[in-house]
Amino acid sequence: MKLADYKTTLSFTNGQPSLEMPVYNGSIGPDVIDIRKLYSQTGMFTYDPGFLSTASCQSTITFIDGDKGELLYRGYPIEQLATNCDFMETCHLLLYGELPNARDKHDFTQTVMHHTMVHEQMQFFLRGFRRDAHPMAVLTGLVGALSAFYHDSTDINNPEHREVAAIRLIAKMPTLVAMAYKYGVGQPFLYPQNNLSYAGNFLRMMFGTPCEEYKVNPVLERAIDRIFTLHADHEQNASTSTVRLCGSSGTNPFAAISAGVACLWGPAHGGANEACLYMLENIQANGGIAKVGEFMEQVKDKNSNVKLMGFGHRVYKNYDPRAKLMQETCNEVLKELGLGNDPLFKLAKALEKIALEDDYFVSRKLYPNVDFYSGIVQRAIGIPVNLFTGIFALARTVGWVAQLNEMISDPEYKIGRPRQMFTGSVKRDVPPMNKR
Ligand code: ACO
């Protein structure tokens, strides 16, 4: 860590001497107070469940300005990346810090596409799951199992192993997600076709069959590519922090990423796109747009436990920039597929309009997040609702890997080991059985 940019003083009302602590400026964003010596100098911990005021690491990858609604990957605004670059360029940027030139892009894409097949034995492992298993349950298992199949790239302290594991994970995730889908619907797995784009290959493995030639629709290919780009990284969110914490013990990259997949599954995180689409379908089934007002009253009733899924975010207190881009893609895909009058899209827009004008949402700074529209796009493409979070996991893999590798290369990294404020019983003796 660099020298302090300035200092702050912590004073106590219990007579304990005050303490000077270093403060550092980031390149953008809030300054951070370095409290690492707090415990050794005062015997005290800080208390911050949910990490509301805690920076868990230093990072150069992704920056979010939640008040402005700004998202930067390595300094580049998400709007420019989603419009001018594709997912392979974004992966190169996140992993290596710079956008590739034409030659680097070609080489990187070739390297990734060269690793798209999975070990043939993996399909037998997959066949052990119930056919009706949730794809996220299957994916958590499959990604964890990669360490059994690719044991030659599991040493997290070896830079070559880390590089090979990174490429393998990015390359094989589409194959695994498509296999999980095909297994559920009872169709044969399709081997990857490496002359297609990353997104095009995924679409073919999902929707092609061995009986017919599959023609990739360029509008859908671009939409899937954009979904991947928009979900590629999001600084220290719950699943990324899980990957970092898991990896901090020195475990292998496949194990750490499978921990991220498991965390992403939750409805407060990646599972929100699935929950959002079920919410829209439910409103539609119970009267549609005419019932939107009634539904919103339930959302605002604290006793109802109903939330407007796809709304609100821990960091964004403004419109999530990814939601705007997703809405744009939603328009394009629905038009291409002749679904311009899609009732769920109309419903989502009606809910958004009411929410953006309602004091409950305005006063709490609740805006649509990326999941509000991504489900409608995916459903239109033909992706089943229970696979939405799997697509998110596929896209986020590059971010997880980049963050994990950044942590391992950081000379200041240590095993993550939070402390606690203990509020349980003080020391006591075990009473004999007849006195309990
Ligand atoms: N619907 C209704 N009320 C909400 C919503 C919502 N979607 N989100 C937050 N609120 C309310 C809370 O009830 C709370 O109200 P209160 O101050 O009266 O108690 C206030 O807004 C603040 O919300 P918190 O839950 O404290 O905010 P937090 O930062 O902890 O949670 C979260 C953020 C989990 C994303 C939350 O907004 C939520 O559950 N949203 C719906 C799920 C969702 O869309 N998740 C996707 C996140 S993005 C992603 O992972 C890709």
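Scroll up for the structure.
Visitor: Can you help me understand the overall build of the protein chain in this one?
Guide: Along the backbone of the protein chain there are 18 helices and six strands. Computed over the C-alpha atoms, the radius of gyration of the protein chain is 24 Å, within 12% of the 22 Å expected from 2.2 N^0.38 for a compact globule of 436 residues. Dimensions of the protein chain, computed from C-alpha atoms along their principal axes, come out at roughly 80 × 65 × 55 Å. Per-residue burial over the protein chain gives 46% buried out of 436 residues. Carbon and sulfur atoms make up 53% of the accessible area of the protein chain, which amounts to about 22000 Å² in all. Positive and negative side-chain charges in the protein chain, numbering 43 and 45 respectively, have mean positions lying 6 Å apart.

Visitor: How should the packing of aromatic side chains be read in this particular structure?
Guide: In this description, an aromatic ring pair is defined by two values, namely the gap between the centres and the angle between the planes. With the rule as written, the count across this model stands at 13 aromatic pairs. Relative to F108, the ring of Y96 lies with its centre 5.9 Å away and its plane at 90°, an arrangement referred to as edge-to-face. Of this pair, Y96 sits in helix α3 (residues 87–96) while F108 sits in helix α4 (residues 102–114), and the two are 12 residues apart along the sequence. Judged by relative accessible area, which is 37%, Y96 ranks as partly exposed. Through successive ring pairs, a cluster of aromatic residues spans F311, F345, Y360, F361, F372 and Y373. Between the NZ or CZ atom of R364 and the centre of the ring of Y360, over which it lies, the distance is 3.9 Å. Directly above the ring of Y39 sits R419, whose terminal nitrogen or CZ lies 5.8 Å from the centroid.

Reading the values: rules and limits
- Residues numbered from 1 in each chain as written.
- Predicted model: local features only at pLDDT ≥ 70, side-chain atom pairs only at ≥ 80, totals over all residues.
- Heavy atoms only, no water.
- Helix = DSSP H or I, 4+ residues; strand = E, 2+ residues; numbered from the N terminus.
- Rg over C-alpha atoms; globule rule 2.2 N^0.38 Å.
- Buried < 20%, exposed > 50% of the residue type's maximum accessible area, 1.4 Å probe, protein only.
- Areas by Shrake-Rupley, 256 points an atom, 1.4 Å probe, with all protein chains shown as cover.
- Lys, Arg positive; Asp, Glu negative; His and termini not counted.
- Charge placed at Lys NZ, Arg CZ, Asp CG, Glu CD.
- Phe/Tyr/Trp six-rings, centres within 6.5 Å; stacked < 30°, edge-to-face > 60°.
- Lys NZ or Arg CZ within 6 Å of the ring centre and 35° of its normal.

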